[in-house]
Structure formats: C-alpha cells, structure tokens
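Coordinate analysis (summary)
Spelled out from the first residue to the last, the chains are:
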Amino acid sequence: MFAALGKFIYRRRLVVAIAGLVFMITAGVFGTSVISSLKGGGFDDPNSESSKAALALHEKLGRDEGTLLVLFTGKNGQQVESAEYKKAVEATLAKIEGKPGVGAITTYYKTGATQLVSLDKQQTYAVVGIIGDQDQERKYLETLRPLLKSDSLQVRLGGIAAVNDEVSEQVSKDLATAESLSFPILAVLLVFMFGSLISAALPLAIGGLSILGAFLILRVITNFTDVSIFALNVITILGLGLAIDYSLFVVSRFREELVRHNGNVQAALTKTMQTAGRTVLFSGLTVAISLLSLLVFPQMFLQSMGMGGAAAVMVAMISALTVLPAILALLGRRVNSLNVRFWSRSKTPDLQTPTKGFWYTLSRFVMRRPALVLVATLIPLIWVGLPFLRASFSTPDARSLPTSAESRAVSEVLTNQFPKNETQPVRIIVRSEQAALTPASLDALFDYTRQLAKVPGVSRVDSLVNLNPQLDKVAYRQMYSEQGRAQNPQVAQAVAAYSKDNYSVVNVLYTAEAKSSATQDMVREIRKLQTPTGLNVEIGGDTAQLVDFLASLERSIPIALGLVVAVIFVLLFLMLGSLIVPLKAVVLNILSLSVSFGALVWIFQDGNLADLLGFTPIGTIDGTQPVLIFAIAFGLSMDYEVFLLSRIKENYDRTKDTAVSVALGVQKTGGIITSAALLLIIVIGSFALGEVVFIKQIGVGLGLAVIVDATIVRMFLVPATMRLMGKFNWWAPAPLTALYHRIGMSEVEQDDEEVIPARDLETPALPVGAGASKS
C-alpha cells in the first residue's frame, strides 16, 4: 500500500506539489479569518444544574447574562459618602446608561447596600449587567471601556465579563509570542541537524501548511458549532510540532535511502513511504484519536481542543504523506543542497554502522541488566507522580491572569477590601407552582431559606423573605400583598430584585473561599435539602459550576480513557501483530503521564518554581489541564513509541531476533527521536512562557511528558521490558495472528542490512527467558 503510494506520488509529483501550494494559499486566505468566529469561555457543562440555573436567571428573571464590575477608588482620601464622590460616580455611569448591551446598573447610591462599600470607605463598585453571550460582551466592552473614565476617581473594570475579555486578549498575545520565539530557534536547530538549508526548510514549510490547514478546517467547523478561542494554542503546538516530527522522520529516511539506493530517487521515495510513511500514518492516527476522545466531554473548551488538535494532526499527517514526498521527488539529490555543515566533507548522510554508536551501546547495556534497570527507573518515576494523588482542582478565574491585569487587580481589591464573596454568591433559582408572591409560595420559600441558613458554612441568605430577620410568615404575607406593595416603595424594589412571575432568586453567602473544598461541600449539602412542597430549585453560581464541572469530569474520563486505549491498542496490533507490545506501550505511556501530572501539582498547586515561571499559586490546578494533557501527551508519547517500534519490527521481521532488533531499532531511531523531541519541546516550551496560567500549565505538563517519554521511556524502559519479555513480545492468539497477516499493515523490508549475530548481546548475567537466542 505505502510502496504503491510512493510510486504514485513520484509519477504525479508536480501535480501533488501544486495541489499542496493551492491548498496552502486557500487556507491562508480563508483560514485565518477563523479568529473572529471563535468563542471565549466554554468551561461549563451546558446540561448541568448550574448551567440551567444561569439560563433561568436570564430567561425567567430577566437578569443580564454577564456582569461587569466597575470599581471606583477615591483620590487623596475621598470618602464614598461625600457629595463629590457620588457626583463623580453617577456622572461616569451616566455615560454608559442606555448604551447597547448595557442592562441594569446597581450602585450603593441607588440601593444603600453597604456591601458595595469598602472597609476603608474610600472605594465602591457598581454592578453593570451586560446583555448577551461572551462574544457580544467583548464587543460591548470595546465601546464601554473608553467611556468609563473619571477625572476625580480611579476607575477599573472587573467581573466575569472583564476577565473573559482580558484572558482572550492575553491568550492571543501569548500565541504570537510563542510563535515569534519558537520559529527562529527551530530554524537554527533544523539547519544544524540537517546541515542543509533546503532540508531544514521543509519541516517548517509543512508546519506552516499544517497550521493554516487546521485553521481552515476549524473555520468550517464554526459554521456548525461553537469553538473556543483556546483551540488556536493547541493547533500551533501540534500543527507545528508534529509537522516537524513527521517531516524529520520522512526527510531523514529519504536521505538515508538515497545513499542506500545510489541516488535512485524513485526507489528511495518508495522505500521511504514504505517505512517512514507507514510510521507517520499510524502515529497521526494515534494522536488524532487521542485528541478526538475529548469530544466525549460536554465542555465546549475541551471539545474545541479535541477538534482543533485533531485537525492539526490530520493536516500534518496528510501533508507529510503527500506534499512532502512530492517535494522530495522534485528535489531528488538536491534535498542536500545549500550545505552549511562546513565541518563535514559530505553533503549526504552516511549510513550508520549498526553495531556502533551511543544508542546501540546504551541499549545493549540496558538489555544486559534489564531487571535492575527496570526497577531503578520505575521507582523515581512513581515517586515523582505521587503528588497527583492529592491534586485539588478548580476552574479558571481572574487569578489565571498576570498580576498586571486590571480585572485581576479589581478581583484582589474586592477580596481584601470588601465583605467576602458578595460578588460570588450561590444563586438558587426557585420556581413556584403558583406566583412567587402568593401566600403559599412565600410560606414555602420562608421554610426553605431557614433550612439554608442552617447549612454549615452559610453566613447569610438573601431573598424575598430574608429582608428582616424579625419578621415571620404572616408579616411577609402582608408585606407582599397588593396593599403592602402599594404602601412601601422598598417592598416594590425587593420584588423587582428577587422575583418575577413564578420565579424568585435566593442568594447564599458563605464564609470560606468561593472555590474551596469547604464551599463545594456546602453546595452539595444544599442540594441534599428537602425542598418544600410547591417549590422546584436549581443551584447555580461559581462554586456550583465547579462542583458540576468536577462531576462531569468524573463521568467522562473513564469513557475517554477506555476509547483511547481500545482504539490505539487495535491500531498498534494492526501495525505490529502483537498484543503484548501494545499493552506495554499503553502502560509505559500512562506511567510517563503520571510524572507530568505529579509535577503539575508540585509546581502549580504547591507553588514550587512560581517565581521562576512567573505565576501566583492558588492551591489548585485547572481541572481541564490533566484531561487535555492526557489526550495530547498520550498521543505524542505514542508518536515516538510508534517510530521506535516500527524500526524494531522491521528488524525483527528480517532477523527474528528480539534482542538484536531492539538494539538496531534504538540505534537507528536514537538521533532522530532525540532531535524530534528537542524540536517539539521548543514549540511546547514557548507556551510555558505565556502569561495565562492554564496555558502555562499546558506548556509545562506537555513538555515534561515529552522529555520523559523521549529519554527515560525510550532509552531504558522500552529496551528493558522488551528484553525481559523475550519471544513473548510478539505473541498473539493464532486467530488474531491470522487476522493480522490478512489485514495488518506490515510491509517487510527486503534490503540487505547487516544482521547482528545474537552472541553480540549475550552475557552470562542475562535472566532466564531474556536471552538473545532466536526469539
């Protein structure tokens, strides 16, 4: 199959190359417009109770979807109570009143609510409702920001609307910074690795094609569903990283085959596709499938990462299997042109002597002491992963931004200078069988709110029937009667603030931090309360969203993990014809991921290296990151595993000697995997320099996973475990073996490479079953 593909591309090389160029231009013209179609946020489960409560708050009670907090700070000790201060606040807010997207504006001067005034009486904030979804919020904020200025007061914007706006803007800046940093470094390293400007340019060209192609695919997807703006980050990481990986595999093998086939371009390309091309296909499929597992999660953020990442991987894979071979066919021997390796006389790579080299020597050392190496390697890996057992998860908030961000500064002022959690109550949407102001509904609400007040951690309950703790049910019935509302304007204000038709809202304040485990437990206890007859409640608010988010992950993770493992297991079987090797590969990948997860807890939750990496530890990690890192890193780990195992399988099919095959496979792939991993780490590591904490977590987590897989797993664990398994590496039941020979994707090399005798690896200390005999 792959040999036939190589021959076809060679015959149609010019047509394929032109088609690739046309696709790249088209993607550049239409794909880059995707940015304007992407959405912010997307961390909530739309089917959760908290999401339904937020929807009911907007649709049934008429509350605005977004909230903008406008913080006013007096200059030179000005007090909130002064006439000048009040005049300045009202004049500033008057500029935006009635503007498109602006809903209700709540201030201390309108309500007399003392919780809107800071402890030092010099600061106050207004709550401005923003109508519409997050994309509309961003558009409205563009027009509102310039208007919210004052000559006599400092004015700063905060709240969820401002946070989302600043996060999206910062992510775009981080993306641009990552690209500007990584591209020059990659270019220099590729030139150094290949020694030829032409060869070095090919991976970068395929990387650019992959990114633009993924943008175009994502642009099409936005016509059918919402896509998060954060998908751009994963597209850049995987589109550039894997395109370089795959190009490195293909170009290196092509240059090697050119030497082996005495410059015969068609033969070299055919053999390249038969070997490296086959590896690229399996690698691309494994990475894409890992990413598509994110579609089982209900959060738009994770689904978008899956779609964007899979698009980047598929474009990189297809480009490396079509456009790149066509260019190589056109270049032929000129692939080594513009040689800059002045320290080398040859412009073409020499074929390595299989029994010489660092990687061969290292693998032979490991396979002489496989049990000792295995134990010595596993113990530190497991130890580094242990911190993940105490991981604490949260969702992004203002603290994800750098300390210089305005909305984060506002959040810190509200936390430190104002009554606690006033802007983040647990919001309970109450639907009554009768109108909310009828005696029966008021009585039921009275009983329910008294239950709420007794829940541990609750500090205050605000609702229709909590305005005055001295009043009983009878007094509230009278207060909300038609006569009572007519006689007291304050009662009419309470009705407007807390109810509409059959719906009312209850705000629950609490003593602990909004996303702490104590507040999460409080929400769970509230949900366990027996609701009085005639009432139906939905619990919402930031903490409830976190509780629902964690519950969603708990339900979805086993499904995603099962799908990834099952499908990749099948793919590796079709590639290798073994059940043992795929199982071992999955286990080793999970082990390397545990190191990444443990490091995330140690660094970001515990705060180690916070000064070096430039973030403020908050005692938790973003709950989406382990899921996202698992999907990406599992695929990336399989990338190197597939490349190494394919070379080992090539040699095993020829020699039928596992130990020899492992040593040759490690030697043949050692330099290329190391180079590919280094380049990928450059791409990933550039995101660790970003300012948004959860993007930084992606960079650090993925970088560590790649480092562990490309070094410890590949250098020590793979040779040691395969040596210990011996002939059982390639075991499969007879029916499956027959199936593999019928439909498997094996293409055995027929080249006369040097076969290393088994005795070269034999030592008296080898354990039973791990010998180098024909196995």
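Source: prediction; values computed, not measured.

**Quick look at the overall build of the protein**
Looking only at helices and strands, the protein has 27 helices and 11 strands in total. Principal axes of the C-alpha set define a box for the protein whose edges measure 100 × 55 × 45 Å. Relative to its full complement of 775 residues, the protein shows a buried share of 56%. Looking at the protein alone, contacts between residues at least 24 apart form 82% of all its contacts between residues at least 6 apart. Roughly 31500 Å² of accessible area belongs to the protein as shown, and the carbon and sulfur atoms make up 60% of that amount. The protein carries 67 positive and 62 negative side-chain charges, and their two centres are separated by 8 Å.

**Regarding the side chain of T395**
With respect to the helices, strands and loops of the structure, T395 is situated in the loop between β5 (393-394) and α15 (406-417). For T395, a relative accessible area of 12% gives the class buried. Only 2.9 Å separates the side chain of T395 from the side chain of K515, close enough to count as a polar contact. Those residues in contact with T395 that lie beyond four places of it in its chain are K515, L546, F549 and D622.

**As for the environment of V642**
Tracing the backbone through its elements, the reader meets V642 in helix α24 (residues 624-655). Counting along the chain gives 60 residues from V642 to P582, while the straight-line C-alpha distance between them is 9.8 Å.

**A look at the side chain of T275**
Along the chain, T275 falls in helix α10 (residues 265-292). Classification of T275 by relative accessible area gives buried; the value is 2%. In terms of polar contacts, T275 uses its side chain to reach the backbone carbonyl oxygen of K271, at 2.7 Å.

**Quick notes on the packing of aromatic side chains**
Within the structure shown, the criterion is met by 18 aromatic pairs. Measuring from ring centre to ring centre gives 5.1 Å for F230 and F694, while their planes differ by 85°; the resulting arrangement is edge-to-face. In this pair, F230 is assigned in the loop between α8 (197-221) and α9 (231-260) and F694 in helix α26 (residues 693-725), connecting sequence segments 464 residues apart. Accessibility assignment for this pair places F230 and F694 in one class, buried. On the numbers, 6.2 Å between centres and 70° between planes, the contact of F388 with F393 is edge-to-face. On the basis of relative accessible area, F388 is assigned to the partly exposed category, the value being 26%. An aromatic cluster is present here, built from F43, F230, F301 and F694 joined pairwise through their rings. The side chain of R13 reaches across the aromatic face of Y10, ending 4.4 Å from its centre.

**Points about the nonpolar core**
Side chains of a nonpolar character, in soluble globular proteins, are inclined to be buried together. Formed by 167 residues in total, the largest nonpolar core has its most connected members in F230, L238, Y246 and Y640. Among residues more than four places away in sequence, those in contact with F230 are G41, F43, V167, V171, F301, M305, F694 and I695.

**Topic: unusual backbone geometry**
A positive phi angle is found at K121, which is not glycine, with a value near 65°. Along the chain, K121 turns up in the loop between α5 (108-111) and β3 (123-130). Here K121 falls in the partly exposed class, since its relative accessible area comes to 45%. Backbone geometry places N421, a non-glycine residue, at a positive phi of 60°. When you line up the elements, N421 lands in the loop between α15 and β6 (426-432). For N421, a relative accessible area of 9% translates into the label buried.

**Some words on helix α11 (residues 300-321)**
Here α11 is 22 residues long and its end C-alpha atoms lie 31 Å apart, about the 32 Å a rise of 1.5 Å per residue gives. The element α11 is largely enclosed, with a buried count of 19 among its 22 residues.

**Structural notes on the environment of Y510**
On the secondary structure map, Y510 appears in strand β9 (residues 503-510). Between the C-alpha atom of Y510 and that of V426, which follows or precedes it by 84 residues, the distance is 8.4 Å. The residues touching Y510, leaving out its near neighbours within four places in the chain, are N421, Q424, P425, V426, G457, V458, S459, T519, M522 and T543.

**Let's talk about the pairing of β9**
Counting buried positions over the 8 residues of β9 gives 8, a clear majority of the element. Of the two faces of β9, both are covered, the one formed by Y503, V505, N507 and L509 as well as the one formed by S504, V506, V508 and Y510. Examined bridge by bridge, β6 and β9 share 6 bridges and lie antiparallel to one another. Each bridged residue has a counterpart across the sheet, and for V430 the counterpart in β9 is S504. Examined bridge by bridge, strand β7 (residues 458-462) and β9 share 4 bridges and lie antiparallel to one another. Along β9, the bridge assignment pairs V461 with V508.

**Quick notes on the confidence of the model for the protein**
A residue-level look at the protein finds 93% of positions with pLDDT of 70 or above and a mean pLDDT of 85. pLDDT under 50 marks residues 343-348. Its contacts with residues more than four places away, or in other chains, come to 7 contacts. This stretch, residues 747-775, has a pLDDT under 50; its non-local contacts, to residues over four places away or in other chains, come to 77 contacts.

**Regarding a nonpolar patch on the surface**
A cluster of nonpolar side chains, I382, W383, V384, L386 and L389, forms an exposed patch at the surface whose accessible area comes to about 560 Å². Here I382 shows up in helix α14 (residues 370-385). Under the relative-accessibility criterion, I382 is labelled partly exposed at 44%.

**Digging into the pattern of salt bridges**
For the structure shown, the criterion picks out 23 salt bridges. One salt bridge connects D606 with R390, and the closest N-O pair in it is separated by 2.7 Å. Linking D606 in the loop between α22 (580-605) and α23 (610-613) with R390 in the loop between α14 and β5, this pair joins segments that are 216 residues apart in sequence. The residue K528 makes a salt bridge to E525 at a minimum N-O spacing of 3.5 Å. One end of the pair is K528 and the other is E525, both in helix α20 (residues 517-528) and 3 residues apart, which spans about a single turn. Looking at K528, the relative accessible area reads 62%, which means it is exposed. Assessed through its relative accessible area of 37%, E525 is described here as partly exposed. What you see here is one network of salt bridges that share partners, running through R253, E256, E257, R260, R647 and K668.

The rules behind the values
- Residues numbered from 1 in each chain as written.
- Predicted model: local features only at pLDDT ≥ 70, side-chain atom pairs only at ≥ 80, totals over all residues.
- Heavy atoms only, no water.
- Helix = DSSP H or I, 4+ residues; strand = E, 2+ residues; numbered from the N terminus.
- Buried < 20%, exposed > 50% of the residue type's maximum accessible area, 1.4 Å probe, protein only.
- Contact = heavy atoms within 4.5 Å.
- Areas by Shrake-Rupley, 256 points an atom, 1.4 Å probe, with all protein chains shown as cover.
- Lys, Arg positive; Asp, Glu negative; His and termini not counted.
- Charge placed at Lys NZ, Arg CZ, Asp CG, Glu CD.
- Polar contact = N/O pair within 3.5 Å; in protein donor to acceptor, adjacent residues only side chain to side chain.
- Phe/Tyr/Trp six-rings, centres within 6.5 Å; stacked < 30°, edge-to-face > 60°.
- Lys NZ or Arg CZ within 6 Å of the ring centre and 35° of its normal.
- Core = buried A, V, L, I, M, F, W, Y, C linked by side-chain atoms within 4.5 Å.
- Expected span 1.5 Å × (residues − 1).
- Pairing = 2+ DSSP bridges.
- pLDDT = per-residue confidence, 0-100.
- Patch = residues over 30% accessible without salt bridge, like charges linked within 9 Å, V, L, I, M, F, W, Y side chains within 5 Å.
- Salt bridge = Lys/Arg side-chain N within 4 Å of Asp/Glu carboxyl O.

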